[in-house]
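# Geometric and topological summary
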Amino acid sequence: MSTCSWAVFSGGKSTKIMGDGYDDGYYDNEVYAFGLFTFHEERYGGNCSGYNWSRVNRNGFWLSAQVFGSISGICGGIVICWLFASTCCPIQPSHKTSLLALSVIASVFSGLTFLFYGNNYCSKLGCHLASGAWCQISGVVLYLFTTVAILLVSTCEKNVEQPRPHVDNDSETEQKREFALAE
C-alpha cells in the first residue's frame, strides 16, 4: 500500500509531478513510477518522495484508493493482533464472526485500491502494474486465505456454571445423598 512503485507509465512515458523537496522547497520531478501516497523519484537516487498534495491532480479514483488502502491495512492489522491474542485467549463465536467480517473487509478493500488506475495520470498516459501492485494482489489472496483459515478455527463456548443447590450439613442428609449415589 505504501510503496512508491504502484503504477508505471506505459511505453516508458513520464510526467512532471510536484513533490516535497528535501531542503530546497517544492520541485517538479520527472516521474516514471508512482504510488498511492508517494512516488519514485530519480532526483535523489531513486528514493520514495511525498507528493505536494496541493499541487497534485488527484481525482475520486485516487482518493478512493487511498481510503480503501488505509481501511484495509487497519482491518488487516486488527485481524493479525486478534489472532495473535487468540493463542492465549479462546475465541468465542462472536469473536469469530468479527474476525471473519474484518478479514473480508480487508480483502475487499485491498482489492478496491486498484481504483487508483482510474486516476488522471493513468487515463492520459496509460499505466500498468508495478511491483507494489503485484504485492497488493498477493495481499488480497493472503487475506482470502486468512478468511478461510478463520472459518476452520474452532470456538470455545463460554462455560456458564449452574448454581449449586444448597446443601445441609447434617449427617442424615449426607447419608441419604450417598445412598442415592450408590444406587
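Note: the structure precedes this text.
Residues numbered from 1 in each chain as written. Predicted model: local features only at pLDDT ≥ 70, side-chain atom pairs only at ≥ 80, totals over all residues. Heavy atoms only, no water.

What follows deals with the packing of aromatic side chains. Tallying each qualifying case throughout the model produces 12 aromatic pairs. Between W6 and F116, the aromatic rings sit 5.5 Å apart at their centres with planes inclined by 85 degrees, giving edge-to-face as the arrangement. Of this pair, W6 sits in the segment before strand 1 (7–9) while F116 sits in the loop between helix 2 (93–112) and helix 3 (120–125), and the two are 110 residues apart along the sequence. Across the pair, exposure class does not vary: W6 and F116 are buried alike. (Phe/Tyr/Trp six-rings, centres within 6.5 Å; stacked < 30°, edge-to-face > 60°. Helix = DSSP H or I, 4+ residues; strand = E, 2+ residues; numbered from the N terminus. Buried < 20%, exposed > 50% of the residue type's maximum accessible area, 1.4 Å probe, protein only.)

Attention shifts here to the packing of helix 1 (residues 60–85) against helix 4 (residues 131–152). It is the contact of helix 1 with helix 4, at a shortest axis distance of 12 Å, that shows an interaxial angle of 35 degrees. Crossing hand, helix 1 versus helix 4: left-handed. Between helix 1 and helix 4, the residues in contact are S72, G73, G76, V79 and L83 and Y143, T146 and I150, respectively. Tallied by class, residues from the contact of helix 1 with helix 4 come to four nonpolar, four polar and no charged. (Axes fitted to C-alpha atoms, helices over the stretch in contact; angles between N-to-C directions. Left-handed = near helix turned anticlockwise from the far one by under 90°. Contact = heavy atoms within 4.5 Å. Nonpolar A, V, L, I, M, F, W, Y, C, P; charged D, E, K, R; others polar.)

Moving on to the state of the cysteines. Here the structure, examined in full by the defined rule, presents one disulfide. Between the sulfur atoms of C122 and its disulfide partner C127 the distance amounts to 2.0 Å. Taking the torsion about the sulfur-sulfur bond, which here is approximately -95 degrees, the covalent link between C122 and C127 counts as left-handed. A residue is classified by how much of its surface remains accessible, and C122, at 7% relative accessible area, is buried. Looking at C88, it has no disulfide partner, and the nearest cysteine sulfur is the one in C89, 3.7 Å off. A relative accessible area of 42% places C89 in the partly exposed class. (Disulfide = S-S within 2.5 Å.)

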